[in-house]
Every structure is written in structure tokens, then in C-alpha cells.
Amino acid sequence: QLSVNPEKQLDPYIKFGIIYGIGKVYETDAMISSSSNYEKKFVYQGGNALGFSSALGVMYKANELMSVFCEARMNAVSYSPGKGEMTKFEQDGIDRLPDQTVYDKEIVFVDSYTFDQSAPVDLTKPFKTLKDHLALNSFGFHIGLRFNL
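Just so we're clear, the structure is a prediction, and the values are computed from it rather than from any experiment. In this convention, every chain numbers its residues from 1, walking through the sequence in written order. With pLDDT at 70 or above as the cut-off, local features in this predicted model cover only qualifying residues; side-chain atom pairs require 80 or more to be listed or tallied, and sums for whole chains, interfaces and linings still use all residues. Note that water and hydrogens are dropped before the side-chain values are worked out from all heavy atoms of the structure.

Caption draft 1: Summary view of the nonpolar core. We define a nonpolar core as any set of buried Ala, Val, Leu, Ile, Met, Phe, Trp, Tyr and Cys residues linked to one another through side-chain atoms lying within 4.5 Å. Using a 1.4 Å probe on the protein chains alone, a residue whose accessible area is under 20% of its type maximum counts as buried, one over 50% counts as exposed, and one in between counts as partly exposed. Ranked by size, the top nonpolar core spans seven residues in total: Phe-42, Tyr-44, Met-86, Phe-89, Leu-97, Ile-107 and Phe-109. Helical segments are the DSSP runs of H or I of at least four residues, strand segments are the runs of E of at least two, and each set is numbered from the N terminus. Listed by contribution, the elements that provide at least two residues to this core are β4 (37-45), β7 (83-91) and β9 (106-110). For Phe-109, the residues in contact, after removing those within four places along its chain, are Tyr-44, Pro-81, Gly-82, Lys-83, Gly-84, Thr-129, Leu-130 and Lys-131. Two residues form a contact once any of their heavy atoms are found within 4.5 Å.

Caption draft 2: Up close: unusual backbone geometry. Positive phi values are uncommon outside glycine, yet Asp-92 reaches one of about 50°. Locating Asp-92 in the fold gives a position in the loop between β7 and β8 (94-95). Taking relative accessible area as the criterion, Asp-92 reaches 42% and is therefore assigned partly exposed.

Caption draft 3: Summary view of the environment of Glu-106. Mapped onto the fold, Glu-106 is located in strand β9. Sequence-wise, Glu-106 and Gln-91 are 15 residues apart; in three dimensions their C-alpha atoms are separated by 19 Å. Glu-106 has contacts with Gly-84, Pro-126 and Phe-127, leaving out every residue within four places of it along the chain.

Caption draft 4: Layout of the packing of aromatic side chains. Note on aromatic contacts: the rings of Phe and Tyr and the six-membered ring of Trp form a pair at centre separations within 6.5 Å, being stacked when their planes are under 30 degrees apart, edge-to-face when over 60 apart, and tilted otherwise. Throughout the structure, instances matching the rule amount to five aromatic pairs. Relative to Phe-127, the ring of Tyr-103 has its centre 5.4 Å away and its plane inclined at 90°; by these criteria the two rings are edge-to-face. Within this pair, whereas Tyr-103 is found in helix α1 (residues 102-105), its partner Phe-127 is found in strand β10 (residues 127-130), the two being separated by 24 residues in sequence. Classification of Tyr-103 by relative accessible area gives partly exposed; the value is 23%. Residue Phe-127 is classed as partly exposed on the basis of its relative accessible area of 30%. Here the aromatic rings of Phe-139 and Phe-141 are separated by 5.5 Å at their centres, their planes lie at 80°, and the arrangement is edge-to-face. Looking at Phe-139, the relative accessible area reads 57%, which means it is exposed.

Take a look at the structure:
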């Protein structure tokens, strides 16, 4: 945190840093019509999230132990999962997940691959597709108290 005037009662500041994370992304795909309906659920995991955080704010020092702050904060993070798996497939109230092949249930995200349209698809191996980068960005205003111990 860079403070402009830390000895005064009103102190503007700038904060910045790097964000690194691991986690999961959940997706639900559903279709409802008059003749049929289905619901599929997927979980994507592996890979890393990387980005940065920054804030611009001002702190009012009420006394030696307590300050009030107000800041505008921005997080910019990109996440690219390494693999995915279908965790639910229900069609017209019937569980269809056990009927699916490995190729239908599992996904591997890769940087590059070659695909031969004339070769048969190996249904015992996960589906390969190119990595997709998911933007996990946010912007907001924060107001709060800071206690100095």
C-alpha cells in the first residue's frame, strides 16, 4: 500500500498486488420443452487462476486505534481449467449418466492437438478441446473500519 500522507488524519492511498488461485467452476445446462427435457451438470477444475488486484482509496484516522476507509477496487483474473467432468445427466426424469462413454463424460483442455476426421473416435478416452480462458473480473466500492493493534 502506497500512502501519500500517512501522518495526517485524511490519507489517500493506492494498493496493488497479484492474485493466484485454484478452484472449480460449475456449469448447468438444461433444456425444457413440451416433448422432452434434460439437465446436465459439469465441474471444471485443475489449472490455475492468475491476475491482479488494485485499489484507490482514502483513509480517515479517527484515532490511534481506528480508521475509516473508502476505496474503489478492481480484480482482473483469468482462469483456464485443465479438465472437466459431467456429474449429472438426467433426461425426462431418467438418470442417463451411467450410459455415457468416457468421451461423453470427461473433457481434457489442451494447448494444441491434431484431429484426424478419418480415424474413429476412441470412446474410452476423454474428449480433447482447446483451453478456454474464463474472465473472473470484478469492480466494486468498499467502505469499512480498520483497527490498529
